[in-house]
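Listed below, chain by chain, are the residues.
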Amino acid sequence: MSDERPEKPLPELRASDADRDRVVERLRDAVAEGRLDMEEFEERLEAAYKSRTYAELEPLTRDLPAPFAAPAASGSSGVSWPARIGGRASSATGIAVMSAFQRKGAWTVPARFDAVAFWGGGELDLREANFAEREVVINCIAIMGGIEITVPPGVEVEVRGFGLMGAFDQRDTPGPPEPGAPRVVVTGVAFWGGVEVKVKPPKNPPRGPSLEKRL
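Keep in mind that this is a model prediction, so the values were computed, not measured. For every chain, the first residue of the written sequence is number 1, and numbering continues from 1 along that sequence. Note on the predicted model: pLDDT of at least 70 is required for a residue's local features to be given, and 80 or more for side-chain atom pairs to be given and counted; whole-chain, interface and lining totals, by contrast, use all residues. Only heavy atoms go into the side-chain values, all of them from the structure, while hydrogens and water stay out.

A closer look at the nonpolar core
What we call a nonpolar core is a set of buried Ala, Val, Leu, Ile, Met, Phe, Trp, Tyr and Cys residues that are connected through their side-chain atoms within 4.5 Å. Partly exposed describes any residue whose relative accessible area lies between the buried limit of under 20% and the exposed limit of over 50%, with all areas from a 1.4 Å probe on protein chains only and scaled to the type maximum. Residues Leu-126, Cys-140 and Ile-149 are the most contacted members of the largest nonpolar core, which totals 31 residues. At 4 residues, strand E7 (residues 135-143) tops the list of elements feeding residues into this core. Formed by 14 residues, the second largest nonpolar core is a distinct cluster that contains Leu-27, Phe-41, Leu-57 and Leu-60. Helical segments are the DSSP runs of H or I of at least four residues, strand segments are the runs of E of at least two, and each set is numbered from the N terminus.

Topic: unusual backbone geometry
If you check the backbone angles, Trp-119 has positive phi at about 55° while not being a glycine. Within the secondary structure layout, Trp-119 lies in the loop between strand E4 (112-118) and strand E5 (121-125). The class of Trp-119 is partly exposed, set by a relative accessible area of 48%. We note that Met-144 has phi near 50°; this positive angle belongs to a residue other than glycine. Examined against the element boundaries, Met-144 turns out to sit in the loop between E7 and strand E8 (146-151).

So, the packing of aromatic side chains
Classification of ring pairs uses Phe, Tyr and Trp, with its six-membered ring standing for Trp, and accepts pairs whose centres are within 6.5 Å; under 30 degrees between planes counts as stacked, over 60 as edge-to-face, and the remaining range as tilted. Following the criterion strictly, the structure yields 3 aromatic pairs and no others. Relative to Trp-119, the ring of Phe-118 lies with its centre 6.0 Å away and its plane at 10°, an arrangement referred to as stacked. Its relative accessible area of 33% is what places Phe-118 among the partly exposed residues. A centroid spacing of 5.8 Å and a plane angle of 10° characterise the contact between Phe-191 and Trp-192, whose relative ring orientation is stacked. By relative accessible area, which is 31% here, Phe-191 ends up partly exposed.

Considering the sheet that holds E5
With respect to topology, 5 strands assemble into an open sheet ordered E2-E5-E8-E13-E11, the strand pairing being parallel. Of all the strands in the sheet, the pair left with one neighbour each is strand E2 (100-103) and strand E11 (167-170). Looking at each pair of strands side by side, their axes are set apart by 10° on average, direction ignored. For two strands to be treated as a pair, DSSP must find no fewer than two bridges joining them. Axes, fitted as lines to C-alpha atoms, cover a helix only where it is in contact. Angles between the N-to-C directions of the axes lie from 0 to 180 degrees.

Let's talk about the environment of Leu-60
Considering the arrangement of structural elements, one finds Leu-60 in the loop between helix H3 (54-57) and strand E1 (93-97). What makes Leu-60 buried here is its relative accessible area of 10%. Between the alpha carbons of Leu-60 and Val-24 there is a distance of 9.3 Å; along the sequence they are 36 residues apart. What makes two residues a contact is simply this: any of their non-hydrogen atoms within 4.5 Å. Discounting residues that sit within four places of it in the chain, Leu-60 has contacts with Val-23, Leu-27, Arg-44, Ala-47 and Ala-48.

Considerations on the environment of Ala-55
Locating Ala-55 in the fold gives a position in helix H3. When the C-alpha positions of Ala-55 and Arg-14 are compared, they lie 8.9 Å apart, and in sequence the two are 41 residues distant.

Some thoughts on the pattern of salt bridges
Opposite charge on two side chains permits pairing when their charged atoms draw close. For this document, the term salt bridge refers to a Lys or Arg side-chain nitrogen within 4 Å of an Asp or Glu carboxyl oxygen. What the rule picks out here adds up to 15 salt bridges. For Glu-33, the salt bridge goes to Arg-35, with nearest N and O atoms at 2.7 Å. In this structure Arg-35 comes out as partly exposed when scored by relative accessible area, which is 46%. As a salt-bridge pair, Asp-114 and Arg-112 come within 3.1 Å of each other at their nearest N and O atoms.

Thoughts on the confidence of the model for the protein chain
pLDDT measures the predictor's confidence residue by residue and takes values from 0 up to 100. The predicted model of the protein chain averages 82 in pLDDT, with 83% of residues at 70 or higher. Predicted confidence is poor over residues 1-7, with pLDDT under 50, and the contacts of this stretch with residues over four places away or in other chains come to 0 contacts. Scored below 50 in pLDDT, residues 206-215 shows 16 contacts in the model against residues more than four places distant or in partner chains.

Describing a nonpolar patch on the surface
Patch rule: a residue counts if its relative accessible area is over 30% and it has no salt bridge; like charges are joined within 9 Å, and nonpolar side chains (Val, Leu, Ile, Met, Phe, Trp, Tyr) within 5 Å. Calculation of accessible area relied on Shrake-Rupley with a 1.4 Å probe; when residues are assessed, cover is drawn exclusively from the protein chains displayed. A cluster of nonpolar side chains, contributed by Ile-95, Val-97, Met-98, Phe-118, Trp-119, Met-144, Phe-162, Leu-164, Met-165, Val-189, Phe-191 and Trp-192, occupies part of the molecular surface with about 1200 Å² of accessible area. Listed by contribution, the elements that provide at least two residues to the nonpolar patch are E1, strand E10 (162-164) and strand E12 (183-191). Note that Met-98 resides in the loop between E1 and E2. By relative accessible area, Met-98 is classed as exposed at 58%.

Thoughts on helix H1 (residues 17-32)
How far a helix is expected to stretch is found by multiplying one less than its residue total by 1.5 Å. A rise of 1.5 Å per residue sets the reference length of H1, with its 16 residues, at 22 Å; its end C-alpha atoms lie 23 Å apart and thus fit the reference within 8%. Asp-19, Arg-20, Asp-21, Val-23, Val-24, Arg-26, Leu-27, Arg-28, Asp-29, Ala-30 and Val-31 are the residues of H1 that are buried. Just beyond H1, the residue with positive phi is Gly-34, at close to 85°.

What follows is the structure in structure tokens.
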């Protein structure tokens, strides 16, 4: 008696969260490759998270070629960078006046983020973040305050900031840029203050947004 299963799941079968996440990751790749514009991506993304069966999921990627599997570079972090590039920015500014601001966890870094710390402090953690564009600029103004930026390994970082009785400090190097990884440019002015760039591995393995978050 044969116990073979069909190569493709039956259309009427219920799709799982993992199935929906795989479709979303392919859609993100298609945006990074220029195959979908943002309007098409958002429409398909919404449909993916509303889908219940394989029959509803299959048309969303039917006109997209299979993703090209590039060989992983030596020392690769294993992050699927194209899946983390694209989307709407969660926040474009962070201001701390005798206070503090923080951006961490699952958020989307805009093409330009303005960070201001005046007698205060700011923390930008990009380890689990998505990136609206492949190159993002973080403009820092630190006046008698400090701003700390944490990036994951494999991201290309360029520090262009100017320190006047202050400093822009990059103590760690993220290593060679990984294929498809974003580029983070840190610029601005530090006056009697400081901007520090650190490199740390992500706390949790990066993945697409969960179904509960999207709903």
